[in-house]
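Chain by chain, the residues run as shown.
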Amino acid sequence: MTDYTTVTADLPMARTGAIKLYGREAFAGMHKAGKLAAETLDMLVPHMMPGTTTAAIDRLIYDFVLAAGGVPATLGYRGYTHSTCVSINHVVCHGIPSDKTLKAGDIVNVDVTPILDGWHGDSSRMYLIGEVPLKARRLVEVTYECLMLGIEQARPGNHMGDVANAIQRHAEKHRYGVVRDFCGHGLGRLFHDAPEVVHVGKPGTGPELKPGMIFTIEPMINIGRADVKLLEDGWTAVTRDRSLSAQFEHSIGITDTGCEIFTLAGYDREQGYC
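Calculation notes
Residues numbered from 1 in each chain as written. Predicted model: local features only at pLDDT ≥ 70, side-chain atom pairs only at ≥ 80, totals over all residues. Heavy atoms only, no water. 1 Å grid on protein atoms, 1.4 Å probe; cavity = no way out; pocket = protein on both sides within 12 Å on 5 of 7 lines; lining within 4 Å. Points joined across faces, edges and corners; volume = space filled by probe spheres on them. Helix = DSSP H or I, 4+ residues; strand = E, 2+ residues; numbered from the N terminus. Expected span 1.5 Å × (residues − 1). Buried < 20%, exposed > 50% of the residue type's maximum accessible area, 1.4 Å probe, protein only. Salt bridge = Lys/Arg side-chain N within 4 Å of Asp/Glu carboxyl O. Pairing = 2+ DSSP bridges. Contact = heavy atoms within 4.5 Å. Axes fitted to C-alpha atoms, helices over the stretch in contact; angles between N-to-C directions.

### Concerning empty space enclosed by the protein
Working step 1: For the structure on display, the rule yields two cavities of 30 Å³ or more.
Working step 2: There is about 60 Å³ of room inside the largest cavity.
Working step 3: Along its surface, the largest cavity is lined by Leu41, Ser123, Ser124, Arg125, Tyr144, Phe248, Glu249, His250, Thr263, Ala265, Tyr267 and Asp268.
Working step 4: Elements with a minimum of two residues in the lining of the largest cavity: strand 9 (123–128) and helix 5 (266–270).
Working step 5: Take the lining of the largest cavity: its biggest share by element is three residues, from strand 9.
Working step 6: Looking at the second largest cavity, its volume works out to about 30 Å³.
Working step 7: In terms of lining residues, the second largest cavity is bounded by Ile19, Lys20, Tyr22, Gly186, Leu187, Asp193, Ala194, Pro195, Met213 and Ile214.
Working step 8: Mapped onto the lining of the second largest cavity, the elements with two or more residues apiece are strand 2 (19–21) and strand 12 (193–197).
Working step 9: Among the elements that make up the lining of the second largest cavity, the one with the highest residue count is strand 12 (three residues).

Put into structure tokens, the structure is as follows:
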């Protein structure tokens, strides 16, 4: 049975396993943090070119977030020493910034989570570096479509399984693999909270979506099999068959009639979603 708790001013911010239901003040805070996340990803666009190092991307994000009055949530999180994750080609997620340079033909995910006034704005998007092969571009397009189809199912009365099934059906229609090892999560004043947001599932299953819920949806889609492995650094996850992987992520909140996306960015405008 799923437990829910309404967040009040005197409620300690702790992970209890219960799904938190927030009010409009929290939504306002999430919109501000989400806007900073979106602006951060938009800021990177002219820098995402061959020859740029992933360490330089990390520094750009650090400087930008601090200048806006925020703090990167990943900096110091469980010993992580960077302001972002940069995942290239067959890296599924949590790629560590380094002196590695981007090359023409790469597809790159950048994941940012600025904290602004105590709220976490969590988002990631894909960048195409130079001329990218058609099969890679198509993977990126379908992954974004998976995210938005999942978001379309995020409304009160539906279940997490409805979100997951929309993502899974669309990905598998294109014969892609949907990563099971990583998932979305609850968000707010805590970086990671209940519920887990898996990206495969059956309609009508999982926690019911209720107004006030705040969480991320972040499907990771592979051209090949869904299997991944973790590298010795303890962070970097790669596709086991070395096939390309793509990911998009938005932070959303469930309303009385649907959901609000806190992290809409330039890419979403280009695709006609805002």
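### What about helix 3 (residues 134–152)?
Working step 1: Taking 1.5 Å per residue, 19 residues should reach 27 Å; helix 3 reaches 27 Å between its end C-alpha atoms and fits that length.
Working step 2: Buried within helix 3 are the following residues: Ala136, Leu139, Val140, Val142, Thr143, Tyr144, Cys146, Leu147, Met148, Gly150 and Ile151.

### Describing the pattern of salt bridges
Working step 1: Tallied over the full model, the rule gives ten salt bridges.
Working step 2: The salt bridge involving Lys35 is made with Glu39; its shortest N-O contact spans 2.4 Å. With Lys35 and Glu39 both in helix 1 (residues 24–43) and four residues apart, this pair spans about one turn of that helix.
Working step 3: Note that Arg225 and Asp227 form a salt bridge whose closest N and O atoms lie 3.1 Å from each other.
Working step 4: Under the relative-accessibility criterion, Asp227 is labelled partly exposed at 35%.
Working step 5: Salt bridges sharing common partners tie together Arg138, Glu141 and Glu145.

### Some words on the sheet that holds strand 10 (residues 177–178)
Working step 1: Here we have three strands laid out as an open sheet, ordered 10-14-17, and antiparallel in their pairing. Two strands close off the open sheet at either side, each with one partner strand: strand 10 and strand 17 (245–247).
Working step 2: Where strand 10 lies against strand 14 (residues 220–222), two bridges are found, and the strand directions are antiparallel. Considered in strand 14, the bridge of Gly177 is made with Asn222.
Working step 3: Strands strand 14 and strand 17 of the sheet are contacted by helix 3, whose axis makes an angle of about 35° with strand 17.

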